[in-house]
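# Chain and residue survey
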Amino acid sequence: MGSSGIESVRKWIDAARRVVVLTGAGISTDSGIPDFRGPQGVWTRNPAAGKLSDIRYYVADPEVRKASWRSRLEHPAWAAEPNAGHLALVALERRGKLHALITQNIDGLHLRAGNSPERVIEVHGNLHRAVCLACGWKGPMQPVLDRVRAGEADPPCGECGGILKSDTISFGQALVPEVIGRAMGAAQEADVLLTVGTSLQVFPVAGAVPFAKQAGARIVIMNAQPTQFDDIADARLSGPISIDLPLALRGVG
Ligand code: NAD
């Protein structure tokens, strides 16, 4: 769907009171952070990289943890800036339309861009915090990364000696029930559910799409590649997100 699709989306958003947005890695590729499953995705280029995102390998294998810490040190999120797509969602909030911004991203760019913490639901956590898998200690990530830079390849928890990791949800790890509950509750209340830059393959969050549809929302899917929910979408836009999203979210009048 081309510009006529964008026009329809603009009208629906103008008429909506509650727009719920679900973002994935694709909104941040134009900020220099690769996605997982796109043509240049981390897993597309190196299928073995999936191990670093799986809690079972992380807990069982010190070599996986060391590789994870090296990859965290070099993560493009530390230098990334929000792009026009992130900023369009800040403008949507300022128009009073944004009911909730559910994100699978761990890069913290929605908050950096200026969306308010009350609206942003980070269902997969945030890379900027570290957590101890044994005692539950949580703290900022940068001091832990300083320890890695200083030579600790797999830094243990300073409180209890347990395994540290980023405070993000890896594959094989349970979501926080209260957080996913808030996300699903918001999806149920949406007049329009707009998904942006997500392949919609990770559940339960992808289930927000049929859930919102059943509850009466219009569904707009903005993604370069097809998704399994395209047939229930009222509009499908194939991006690029940093161009199409600001156009779609600009008021009609
Ligand atoms: P995904 O990699 O499965 O899918 C991203 C989709 O975005 C792809 O289908 C791709 O075609 C599309 N896309 C990429 N750039 C685009 C652009 N500029 N315009 C239009 N479409 C574009 O990502 P996902 O669905 O978010 O699932 C991956 C999981 O990995 C998530 O749970 C997330 O937590 C995590 N992840 C996060 C980040 C981040 O925080 N930035 C990066 C990689 C992965």
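Residues numbered from 1 in each chain as written. Predicted model: local features only at pLDDT ≥ 70, side-chain atom pairs only at ≥ 80, totals over all residues. Heavy atoms only, no water.

## Describing the site of the ligand
Threshold: Residue proximity to a molecule or strand is established when one non-hydrogen atom of the residue lies within 4 Å of it. Nitrogen and oxygen atoms within 3.5 Å of one another constitute a polar contact, given that in protein one can donate a hydrogen and the other can accept it, and given that sequence-neighbouring residues count only through two side-chain atoms. Areas reported here follow the Shrake-Rupley algorithm with a probe of radius 1.4 Å; residue values treat only the protein chains shown as occluding. Three residue categories are used. Nonpolar comprises Ala, Val, Leu, Ile, Met, Phe, Trp, Tyr, Cys and Pro, charged comprises Asp, Glu, Lys and Arg, and polar comprises the others, including Gly.
Arg37, Gln104, Asp107, His124 and Ser199 are the nearest of the 24 residues found near the ligand. Here Ile106 contributes a backbone N or O atom positioned 2.8 Å from an oxygen atom of the ligand. Contacts to the ligand include Ser199, whose side-chain N or O atom sits 2.5 Å from an oxygen atom. For the ligand, the accessible surface in isolation is 860 Å², of which the surrounding protein chains cover 94%. Tallied by class, the residues present in the shell around the ligand amount to eight nonpolar, twelve polar and four charged.

## Here's the deal with the pattern of salt bridges
Worth spelling out the cut-off: For salt bridges, the criterion is a side-chain nitrogen of Lys or Arg within 4 Å of an Asp or Glu carboxyl oxygen. Note on conventions: DSSP H or I runs of at least 4 residues are helices, E runs of at least 2 residues are strands, and numbering of each starts at the N terminus.
Tallied over the entire structure, the rule returns twelve salt bridges. Linking Asp14 and Arg95 is a salt bridge whose minimum nitrogen-to-oxygen distance equals 2.6 Å. One end of the pair, Asp14, is in helix 1 (residues 3-15); the other, Arg95, is in the loop between helix 5 (84-94) and strand 2 (98-103), with 81 residues separating them in the sequence. Of the charged contacts, one joins Asp167 and Lys138 as a salt bridge, the two residues approaching to 3.2 Å between their closest N and O atoms.

## Here's the deal with the nonpolar core
A general tendency of soluble globular proteins is for nonpolar side chains to be buried together. Convention followed: Side-chain atoms within 4.5 Å are what join buried Ala, Val, Leu, Ile, Met, Phe, Trp, Tyr and Cys residues into a set we call a nonpolar core. For every residue, the accessible area obtained with a 1.4 Å probe (protein chains only) is divided by the maximum for its type, and the residue is called buried under 20%, exposed over 50%, and partly exposed between those limits. Here a residue-residue contact requires only that any non-hydrogen atoms of the pair lie within 4.5 Å.
Of all hydrophobic cores here, the largest spans 26 residues; its most connected members are Val20, Ile102, Ile121, Val123, Ile180, Leu200 and Ile219. Contributing elements (two or more residues each) for this core: strand 1 (19-23), strand 2, helix 8 (177-188), helix 9 (208-214) and strand 8 (218-222). Ranked by residue count, the leading element in this core is helix 8, at six residues. Once you skip the residues sitting within four places of it in the chain, Ile102 turns out to touch Val20, Val21, Leu22, Thr23, Ile121, Val123, Ala183 and Val205. Listed in part, the 25 residues of the second largest apolar core include Ile6, Ile13, Val19 and Leu101.

## Things to note about the sheet that holds strand 5 (residues 138-140)
To keep things clear, this is the line we draw: At least two bridges found by DSSP between two strands is the condition for calling them paired. Each axis is a line fitted through C-alpha atoms, and for a helix only the stretch in contact is used; angles between axes span 0 to 180 degrees, taken between their N-to-C directions.
If you walk across this open sheet you meet the three strands as 5-4-6, and the pairing is antiparallel. Two strands lie at the open edges of the sheet, namely strand 5 and strand 6 (164-168), each paired on one side alone. Strand after strand, the sheet turns through a mean of 45° between neighbouring axes, direction not considered. Across five bridges, strand 4 (residues 125-132) lies against strand 6 in antiparallel orientation. Note on strand 6: the bridge partner recorded for Cys132 is Leu164.

## Thoughts on the packing of helix 4 (residues 62-73) against helix 7 (residues 141-149)
Helix-helix packing: each pair is described by the crossing angle between the helix axes and the interaxial distance. In plain terms, the rule: Here the word oblique covers every angle except those under 35 degrees (roughly parallel), over 145 (roughly antiparallel) and from 65 to 115 (roughly perpendicular). For any helix crossing, the convention is left-handed if the near helix is rotated counterclockwise from the far helix by under a right angle, and right-handed if that rotation is clockwise.
Where helix 4 contacts helix 7, the axes come no closer than 10 Å and their chain directions differ by 115°. With respect to each other, helix 4 and helix 7 are oriented roughly perpendicular. Between helix 4 and helix 7 the crossing geometry is left-handed. Where helix 4 approaches helix 7, its residues Trp69, Arg72 and Leu73 are matched on the opposing element by Met141, Val144, Leu145, Val148 and Arg149.

## Looking at the pairing of strand 7 (residues 192-196)
Taken residue by residue, a regular strand's side chains alternate between the two faces of the sheet. Counted residue by residue, strand 7 has five buried out of five residues, so it is predominantly covered. Neither face of strand 7 is open: one carries Val192, Leu194 and Val196, the other Leu193 and Thr195, and all of them are buried. As judged from the five bridges shared by strand 1 and strand 7, these two strands associate in the parallel manner. Residue pairing across strands places Val20 opposite Leu193, the latter belonging to strand 7. Relative to strand 8, strand 7 runs parallel, the two being bridged by five bridges. Opposite Val196, over in strand 8, you have Met222 as the bridge partner.

## Overview of the environment of Leu249
Looking at the secondary structure, you find Leu249 in helix 10 (residues 241-249). Residue classification places Leu249 among the buried residues on the basis of a relative accessible area of 5%. Separated by 94 residues in the primary sequence, Leu249 and Pro155 have C-alpha atoms spaced 44 Å apart. Apart from residues no more than four positions distant in its own chain, Leu249 is found in contact with Ile13, Ala88, Leu89, Leu92, Arg95 and Leu194.

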